[in-house]
Every structure is written in structure tokens, then in C-alpha cells.
Amino acid sequence: MKRIGITGPTGAGKTTALNALTSLGAHVIDADAVYHDLLESSAPMKEALTERFGTGILDDQGKIDRKALGNVVFADPQALSDLNAITHRFVLAEIDRQAARAEAEGRPAVAIDAIALIESGAAEGCDAVVGVLAPKEVRVRRIMAREGISEEYARKRVEAQQGDEFFRSRCTHILENGGQDPKAFEDQALALFGPWLDHEENQI
């Protein structure tokens, strides 16, 4: 079973690429969703976080308060680094668990969707790392339409993320989404992924 990492900045078109993989039978693992599920349900991760950051990050029900945790780490680079070190370990373990289940089901591949795929270390276990890129103006328009936010806020979101060169220098493959018709970009993605999931070829 192939393990394919999908990364790239927000608004570039990762969802379309992931839909292409799903249509080919791959199981998609959303790393962000895994993280949020673990914040809600993982007692070991909660214990590790409270050991590092104290019980002030818990709400009245004893669950992780994401806002309180954010207030602690985002103004302190070392605290943010510690948070990532703790949470990435649990997220990677859950990704491995889901991947093993997908393999047992006979899936041809798992696709790991993560903006921080490279920084978290998840890319190291992938057979291919695909960066989905699009021009900044295209991304700004997409984010505005998708989330109903102002142009100013959309531009701040775009500028806060890794630049294209970060992905070009670290990914094994790049999908360029120039803002064309979504179907044309999906066809482009299918052309890349199809041979990887074909049992006859099965080569990356």
C-alpha cells in the first residue's frame, strides 16, 4: 500500500487533489481532524499537555480548552515548539493506526492531508510528497469565497504560510493549480496519481 502525503498552502486546491485520490480508492487521513479529535478524546495526550502547560489549559469539564492553550503558546515560540513536539507524536501514531486499518481493508493507498506534513515529520514515512500550489491571487480569492472573510484577512492568512519555494524544495512532486476549471485540475491530479495506484504499474 502506498502512502502519499498531500501538502501545500491554504486555498491552493488540496481538496480537489484529495478527491481525485478518493475516486481512485485511496483512504484520506486529515491530520488536522486527527489533531482535534485527539484533543477531545486522548487521555494520554491531555496528560502530556497538562504536564507541560498546567491545568489552566483545561475547561470546566476538564477538557482541553483550545483557546486557552492557544493563548499560552502563540506568544511564546518555545511553548509552541513544545506543543508541536507533544502533539505531533500522538498525531503520527494515530495516522499510523489509521493507515494500518486501511491496508487491512485492501486500500491501494492512504493520502495524508496536512499543511505541516513536512514540519511534523509525517512526510518521512511517505512514498511520495505532493505539494499543491497556486498563485497567491487565486488563493486569496478562494479563501475569501470559501470562508466569507475580508480580502485583508485572506491576504494575512496567505502571507503567514510557507512560500512556494519551501514546498518546491522539499516535495517529491508538485501539482500546479493555476486557477483553471476545477475539473481540469482534477484531471491533472488523476493523471499523476492514476499510475501510482494501478496494480499493474504501482510505481512512484
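All of the points below concern the structure found in this document. (Residues numbered from 1 in each chain as written. Predicted model: local features only at pLDDT ≥ 70, side-chain atom pairs only at ≥ 80, totals over all residues. Heavy atoms only, no water.)

1. Focus: the pairing of strand β2 (residues 27-30)
At step 1: Burial along β2 is one-sided: H27 and I29 are buried, and none of V28 and D30, which face the opposite way, are.
At step 2: In the sheet, β2 pairs with strand β3 (residues 109-113) via 4 bridges, with the strands oriented parallel. Bridge assignment links D30 to a residue of β3, and that residue is D113. (Buried < 20%, exposed > 50% of the residue type's maximum accessible area, 1.4 Å probe, protein only. Helix = DSSP H or I, 4+ residues; strand = E, 2+ residues; numbered from the N terminus. Pairing = 2+ DSSP bridges.)

2. Topic: the packing of helix α4 (residues 66-73) against helix α5 (residues 77-104)
At step 1: The geometry of α4 relative to α5 is characterised by a closest axis approach of 7 Å and an angle of 130 degrees between their N-to-C directions. When the interaxial angle is binned, α4 and α5 end up oblique. Residues L69, V72 and V73 of α4 pack against P77, A79, L80 and L83 of α5.
At step 2: Residues of the contact of α4 with α5, tallied by class, amount to 7 nonpolar, no polar and no charged. (Axes fitted to C-alpha atoms, helices over the stretch in contact; angles between N-to-C directions. Parallel < 35°, antiparallel > 145°, perpendicular 65-115°, else oblique. Contact = heavy atoms within 4.5 Å. Nonpolar A, V, L, I, M, F, W, Y, C, P; charged D, E, K, R; others polar.)

3. Some thoughts on the environment of D198
At step 1: Within the element layout of this structure, D198 appears in the segment after α10 (182-197).
At step 2: Between the alpha carbons of D198 and R89 there is a distance of 32 Å; along the sequence they are 109 residues apart.

4. Overview of the pattern of salt bridges
At step 1: The tally for this structure, following the rule as stated, stands at 13 salt bridges.
At step 2: Between D82 and R52 there is a salt bridge, and its shortest N-O distance comes to 2.7 Å. Taken together, the residues D82 in helix α5 and R52 in helix α3 (residues 43-53) connect sequence positions 30 residues apart.
At step 3: E147 serves as the salt-bridge partner of R157, at 2.9 Å between the closest nitrogen and oxygen. Of the two residues, R157 is situated in helix α8 (residues 151-159) and E147 in helix α7 (residues 136-147); the sequence distance between them amounts to 10 residues.
At step 4: R157 sits in the partly exposed class, given a relative accessible area of 23%.
At step 5: Several salt bridges share partner residues, and in doing so they unite E137, E151 and R155 into one network. (Salt bridge = Lys/Arg side-chain N within 4 Å of Asp/Glu carboxyl O.)

5. Quick look at the nonpolar core
At step 1: L49, F53, L69, L83 and L117 are the most contacted members of the largest nonpolar core, which has 34 residues in total.
At step 2: Top contributing element to this core by residue count: α5, with 8 residues.
At step 3: Excluding anything up to four places from it in sequence, F53 contacts L69, V72, V73, A79, D82, L83 and I86.
At step 4: One finds I6, A12, A26 and V132 within the second-largest nonpolar core, a separate group that totals 22 residues. (Core = buried A, V, L, I, M, F, W, Y, C linked by side-chain atoms within 4.5 Å.)

6. Points about the state of the cysteines
At step 1: Enumeration over the complete set of coordinates arrives at 0 disulfides.
At step 2: For the unlinked cysteine C126, the closest cysteine sulfur is that of C171, found at 10 Å.
At step 3: The exposure class assigned to C171 is buried, which follows from its relative accessible area of 11%. (Disulfide = S-S within 2.5 Å.)

Shape descriptors only; they carry no functional weight alone.
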